[in-house]
Amino acid sequence: MRKEILPPVTTTTAKLLVYFEKKPLVATLLALSLVMIIWNLPPYYHNLISTARPCSAASSVALTTTILSSSSSSPENFTTSLSVTPAASHDSVDSNPSDPNKRVFQPFGNAAALFVLMGAYRGGPTTFAVVGLASKPIHIFGKPWFKCEWVTSNGTSVRAKAVKILPDWGYGRVYTVVVVNCTFQSNPNADNSGGKLMINAYYDKSPKLFERFTTLEETAGSYNESKFSPPYPYDYLYCGSSLYGNVSSSRMREWMAYHAWFFGDKSHFVFHDAGGVSPEVREVLEPWIRAGRVTLQDIRDQSKYDGYYYNQFLIVNDCLHRYRHAANWTFFFDVDEYIYLPDGNTLESVLSEFSGNTQFTIEQNPMSNVLCLNDSTQDYPRQWGFEKMLFRESRTNIRRDRKYAIQAKNAFATGVHMSENVVGKTLHKTEKKIRYYHYHNTITVHEELCREMLPVSAKDNVTLYRKLPYVYDDKMKKLVNTVKEFEEKKLGTKAVMNFS
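Residues numbered from 1 in each chain as written. Predicted model: local features only at pLDDT ≥ 70, side-chain atom pairs only at ≥ 80, totals over all residues. Heavy atoms only, no water.

Trainee: In this structure, what is going on with the overall build of the chain? I would like to understand it.
Mentor: Assigned secondary structure in the chain consists of ten helices and 25 strands. Going through the 500 residues of the chain one by one, you find that 45% of them count as buried. Taking the intrachain contacts of the chain between residues at least 6 apart in sequence as the baseline, contacts between residues at least 24 apart amount to 76%. (Helix = DSSP H or I, 4+ residues; strand = E, 2+ residues; numbered from the N terminus. Buried < 20%, exposed > 50% of the residue type's maximum accessible area, 1.4 Å probe, protein only. Contact = heavy atoms within 4.5 Å.)

Printed below as a string of structure tokens:
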């Protein structure tokens, strides 16, 4: 058998081997010392992983953008750019200028995104809406702008005018809401071969610095022009603001049952969970979800972007455009508010009368959230909220917040209390036809609502409570049995018993 010939070993090497063989502890300590020295060396590699810079048309690398929720495009289609613009890179900053009075400004990181996409929707044959958030200081103090482009499936493209709308009335914080309207001269997908809507978002006046990303894709054969014309799937659609906080499942159950009855079978409800939908609240909504009456969207990731009040302006604008052609009328109000028709009006007759208007606002009846009658015949713990909260604050000739309904097909953007971006008229004098009862802050009360008891004589008198006048109003109470019977009929006795 052939023997392997080992390389010669020098005297010095032999001594070291003998030393480490006899001193394993010393060898281990020496190795650990070397590791610690290397670990604490200055991180000269930081330039390799520096934060993103504004992109230029000349130099860009694709990376995935964060989005708040699903839209009509898949997440992998959303891309932006990571630039290597010399003017903004660390290498271009001379940290040791020859002039001692020359001061140096070195940027690190990004405080806010140029644009955060939530959704993009086709609004008709020639129009699209892109809904998202953007850095508020840039839009307040700078001059950012947008460009729309449709890229067909064969690679050709056509550009369109882009109009940006800031619909949050200046309430934005780090982020403000931006709706970008793209209107083409003709249908860019008229042959139904498919394509995608691209947006160029510019940092300022300069056309050299921008981010480019896909907002929406249409596959071949998916365009359906008929859905932009009546009849729509629903008569009425409810767009709810962000649900947050410790929402009461009991109040949610009552609200849902009432409005499912009020709006009728050809209605649909869209809720947005910003952290307020607990397992108990979801249990209440689940039967309505299974029945096809409710859509519940998870928007909890909105908390990463500091906008106004759980980004409710963003949410209502996304809902407006996502369901723009889903219903004849879209309603915007909160889950502690109940729409009511006085004097025997019907919803169909009222909205027929209002049909010449794009939107109408609704006046509120503000209700006490603590006052109840001291009536021993009433089993208050088993009663619904609007069954026992019967005292209305009665001041007149003062301005109160209003809610509204809108023909969404005529709106470009919207707000919390009304839209300022519509085509058509707005009607305000509606209080004799439609109102809403507002049980302020009751939606997060889990204990008994009746916390201040008034004598039975308060039914016939004005009561001053904390310097405000209250009168007895039992109009909603008269409807409660009808609503309870409707709930049991629609959901079944077993589901209603589980609620109880």
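Trainee: Hey, could you run me through the sheet that holds strand β4 (residues 127-135) in this one?
Mentor: Strands belonging to one sheet form pairs held by backbone hydrogen bonds; the direction of such a pair is parallel or antiparallel. In space, the seven strands of this open sheet follow the order β3-β4-β7-β6-β5-β8-β9, with antiparallel pairing throughout. Looking along the sheet, the strands with just one partner apiece sit at the ends: β3 (116-122) and β9 (210-218). The sheet shows a mean angle of 25° between the axes of neighbouring strands, taken without regard to direction. Looking at chain direction, strand β8 (residues 195-202) and β9 are connected through eight bridges and run antiparallel. Bridging from a neighbouring strand, N200 pairs with R212 of β9. (Pairing = 2+ DSSP bridges. Axes fitted to C-alpha atoms, helices over the stretch in contact; angles between N-to-C directions.)

Trainee: Can you walk me through the packing of helix α4 (residues 249-263) against helix α5 (residues 279-290) in this structure?
Mentor: In a pair of packed helices, the angle between the axes and the distance between the axes together describe the arrangement. The contact between α4 and α5 brings their axes to 8 Å, and the two run at 20°. With respect to α5, the axis of α4 lies roughly parallel. In the crossing of α4 with α5, the sense of the turn from one axis to the other is right-handed. Mapping the contact onto sequence places S249, M252, R253, M256, A257 and A260 in α4 and E280, V281, V284, L285 and W288 in α5. For the contact of α4 with α5, the class distribution of residues is eight nonpolar, one polar and two charged. (Parallel < 35°, antiparallel > 145°, perpendicular 65-115°, else oblique. Left-handed = near helix turned anticlockwise from the far one by under 90°. Nonpolar A, V, L, I, M, F, W, Y, C, P; charged D, E, K, R; others polar.)

Trainee: Which parts of the structure should I look at to understand the state of the cysteines?
Mentor: Two cysteines whose sulfur atoms are joined by a covalent bond form what is called a disulfide. Within the structure shown, the criterion is met by three disulfides. Between the sulfur atoms of C239 and its disulfide partner C319 the distance amounts to 2.0 Å. Since a negative S-S torsion denotes a left-handed disulfide, the C239-C319 link at about -80° is left-handed. Remark: C319 occurs in helix α6 (residues 312-322) and C239 occurs in strand β10 (residues 234-243); sequence separation between them is 80 residues. What links to what in the chain: the bonded cysteines, counted in sequence order, pair as 1-2, 3-4, 5-6. (Disulfide = S-S within 2.5 Å.)

Trainee: Is there a simple way to explain the sheet that holds strand β17 (residues 391-393) in this structure?
Mentor: The sheet built from three strands is open, its strands ordered β17-β25-β24 with antiparallel pairing. Edge positions in the sheet fall to β17 and β24 (463-465), since each of these pairs with one other strand and no more. With direction set aside, neighbouring strand axes in the sheet form an average angle of 40°.

Trainee: Any chance you could explain the layout of surface pockets here in plain terms?
Mentor: Summary: where empty space remains is shown by rolling a probe the size of a single water molecule over the atoms. Of the voids in this model, the largest pocket is the one considered here, and its volume is about 930 Å³. Taken together, 37 residues line the largest pocket, and the ones lying closest to its centre are D334, D336, E337, H438 and H440. Where the lining of the largest pocket is concerned, the elements lending two or more residues are β10, α6, β15 (359-366) and β22 (435-438). Ranked by residue count, the leading element in the lining of the largest pocket is β10, at five residues. Counted by class, the lining of the largest pocket contains 17 nonpolar, twelve polar and eight charged residues. (1 Å grid on protein atoms, 1.4 Å probe; cavity = no way out; pocket = protein on both sides within 12 Å on 5 of 7 lines; lining within 4 Å. Points joined across faces, edges and corners; volume = space filled by probe spheres on them.)

Trainee: Before we go on, may I ask you to explain α5 in this structure?
Mentor: Residue pairs spaced three or four apart in an α-helix point in one direction, given the helix's 3.6 residues per turn. Taking 1.5 Å per residue, twelve residues should reach 16 Å; α5 reaches 16 Å between its end C-alpha atoms and fits that length. Within α5 the residues assigned to the buried category are V281, V284, L285, P287 and W288. Buried residues in α5, looked at end-on, bunch into an arc of 140°, giving them a common side. Of the residues in α5, the exposed ones pointing more than 90 degrees away from the buried face are P279 and R290. One or two residues past the end of α5 sits G292, with phi positive at roughly 80°. (Expected span 1.5 Å × (residues − 1). Arc of directions from axis to C-beta.)

Trainee: For this particular structure, what's the right way to read the environment of W384?
Mentor: When you line up the elements, W384 lands in the loop between β16 (371-373) and α8 (385-388). Sequence spacing of W384 and K484 is 100 residues, and the spatial spacing of their C-alpha atoms is 9.7 Å. Those residues in contact with W384, other than ones at most four positions away along the chain, are R253, E254, A257, V480, V483, K484 and E487.

Trainee: Explanation requested: the environment of R282 in the structure shown.
Mentor: Summarising the element assignment, R282 is placed in helix α5. Placed 29 residues apart in sequence, R282 and R253 show a C-alpha to C-alpha distance of 9.9 Å. Those residues within four positions of R282 in sequence are excluded, and the remaining contacts are V277 and L296.

Trainee: Please clarify how the confidence of the model for the chain should be interpreted in this entry.
Mentor: Keep in mind that low pLDDT regions are not for reading the predicted coordinates in detail. Confidence along the chain averages 87 in pLDDT terms, with 83% of residues attaining 70 or more. In this model, residues 1-20 is a region of pLDDT below 50 whose contacts with residues beyond four sequence positions or in other chains number four contacts. (pLDDT = per-residue confidence, 0-100.)

Trainee: What should I look at first to understand the pattern of salt bridges in this one?
Mentor: Note on pairing: side chains with opposite charge can pair once their charged atoms come close. Tallying each qualifying case throughout the model produces 23 salt bridges. Linking R212 and E149 is a salt bridge whose minimum nitrogen-to-oxygen distance equals 3.0 Å. Here E149 lies in strand β5 (residues 145-152) and R212 lies in strand β9, a separation of 63 residues in the sequence. E149 sits in the buried class, given a relative accessible area of 10%. A salt bridge links R253 to E487, with the shortest nitrogen-to-oxygen separation between them at 2.9 Å. Highlighted residues: R253 in helix α4 and E487 in helix α9 (residues 480-491), separated in sequence by 234 residues. Connected through shared salt-bridge partners, D265, R293 and K490 make up one network. (Salt bridge = Lys/Arg side-chain N within 4 Å of Asp/Glu carboxyl O.)

Trainee: So what exactly am I meant to see when it comes to the side chain of H272 here?
Mentor: Mapped onto the elements of the fold, H272 is located in strand β11 (residues 267-273). By relative accessible area, H272 is classed as buried at 1%. Among the polar contacts made by the side chain of H272, one reaches the main-chain carbonyl oxygen of G240 at a distance of 2.7 Å. When neighbours within four sequence positions are excluded, H272 is seen to be in contact with G240, S241, S242, L243, Q297, I299, I315 and C319. (Polar contact = N/O pair within 3.5 Å; in protein donor to acceptor, adjacent residues only side chain to side chain.)

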